[in-house]
Amino acid sequence: SHEKICRYIARESELVVVSVGYRLAPEHKYPAAYEDCLNATIHFMKNIEHYGVDPANVIVCGDSAGGNLAAAVSQTLAGRSDLPRLRAQILIYPGLQALDFNLPSYHQNRGVPLLFRERAAFFALQYLNGDALHMQEVLEGSHIPPDMRLKYRKWVSPD
């Protein structure tokens, strides 16, 4: 649980922190966690006056898979004119791409504890479909068709 860090951030910044207890993989497959975070954020934003929060000071934040969820919620809400605009997003070591586990950062940090390359791929598969059956294909990069890899190469590139 992130309760202690959320309380610390709220106390030190004198801001309101809303922490979403979203459903977790592999029991709850994609898009369950995303939907939980999106729905909680929309509810909060639509009822912001009830919470006594300045609508100009709402920030979404997350770490690891939560960083992915914060980014996805931010992108989804960016075009919504019926809600206050988010002020910012804070992404702490976010899991933002599962297209290529052979980028230089994965190789440079392959021995850095906590989230080894193989573990990152495993968690990505758990998040997407709850099945690590295709782990080798993901690590080799053969899980992405060549035309899709070409399409996204400017976003997922070592350059």
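One can find the structure itself at the top, above this paragraph.
Residues numbered from 1 in each chain as written. Predicted model: local features only at pLDDT ≥ 70, side-chain atom pairs only at ≥ 80, totals over all residues. Heavy atoms only, no water.

Visitor: Whenever I open this one, the pattern of salt bridges confuses me. Can you help?
Guide: Between side chains of opposite charge, pairing is possible as soon as their charged atoms come close. Under the counting rule described, the total for this entry stands at six salt bridges. The residue Glu 3 makes a salt bridge to Arg 7 at a minimum N-O spacing of 2.9 Å. In this pair, Glu 3 and Arg 7 are both assigned in helix H1 (residues 3–13), four residues apart and thus about one turn of the helix distant. Residue classification places Glu 3 among the partly exposed positions, given a relative accessible area of 45%. Its relative accessible area of 54% is what places Arg 7 among the exposed residues. Measuring nitrogen to oxygen at the nearest pair gives 3.7 Å for the salt bridge that ties Arg 149 to Asp 100. Remark: Asp 100 occurs in the loop between strand S2 (88–92) and helix H5 (104–108) and Arg 149 occurs in helix H8 (residues 146–151); sequence separation between them is 49 residues. Using a relative accessible area of 27% as the deciding quantity, one classes Arg 149 as partly exposed. What makes Asp 100 buried here is its relative accessible area of 13%. (Salt bridge = Lys/Arg side-chain N within 4 Å of Asp/Glu carboxyl O. Helix = DSSP H or I, 4+ residues; strand = E, 2+ residues; numbered from the N terminus. Buried < 20%, exposed > 50% of the residue type's maximum accessible area, 1.4 Å probe, protein only.)

Visitor: Could you clarify how one ought to interpret the environment of Leu 83 in this entry?
Guide: Here Leu 83 shows up in the loop between helix H4 (65–77) and S2. C-alpha separation for the pair Leu 83 and Ile 9, spaced 74 residues apart in sequence, amounts to 24 Å. The residues contacting Leu 83, other than those within four sequence positions of it, are Ile 42, Met 45, Lys 46 and Leu 77. (Contact = heavy atoms within 4.5 Å.)

Visitor: Would you take a moment to explain the environment of Gln 97 for this structure?
Guide: Note that Gln 97 resides in the loop between S2 and H5. For the pair Gln 97 and Asn 68, spaced 29 residues apart in the sequence, the C-alpha separation amounts to 8.7 Å. Setting aside chain neighbours within four positions, we find Gln 97 in contact with Leu 103, Tyr 106 and Val 156. A polar contact of 2.8 Å, which involves the side chain of Gln 97, links it to the backbone oxygen of Asp 100. (Polar contact = N/O pair within 3.5 Å; in protein donor to acceptor, adjacent residues only side chain to side chain.)

Visitor: I would appreciate a short explanation of the packing of helix H2 (residues 32–46) against H4 in the present structure.
Guide: Helix-helix packing is characterised by the crossing angle of the two axes and by the distance between the axes. In contact at an axis separation of 10 Å, H2 and H4 are set at 55° when each is read in the N-to-C sense. It follows that H2 is oblique to H4 by the angle criterion. The handedness of the crossing between H2 and H4 comes out as right-handed. For the pair H2 and H4, the contacting residues are Ala 33, Tyr 34, Cys 37, Leu 38, Thr 41 and Ile 42 in the first and Leu 69, Ala 72, Val 73, Thr 76 and Leu 77 in the second. Its residues assigned to classes, the contact of H2 with H4 shows nine nonpolar, two polar and no charged. (Axes fitted to C-alpha atoms, helices over the stretch in contact; angles between N-to-C directions. Parallel < 35°, antiparallel > 145°, perpendicular 65-115°, else oblique. Left-handed = near helix turned anticlockwise from the far one by under 90°. Nonpolar A, V, L, I, M, F, W, Y, C, P; charged D, E, K, R; others polar.)

Visitor: Help me understand a nonpolar patch on the surface in this model?
Guide: On the surface, Ile 5, Tyr 8, Ile 9 and Val 17 cluster together into a nonpolar patch covering about 330 Å² of accessible area. Examined against the element boundaries, Ile 9 turns out to sit in helix H1. The exposure class of Ile 9 is partly exposed, given its relative accessible area of 40%. (Patch = residues over 30% accessible without salt bridge, like charges linked within 9 Å, V, L, I, M, F, W, Y side chains within 5 Å. Areas by Shrake-Rupley, 256 points an atom, 1.4 Å probe, with all protein chains shown as cover.)

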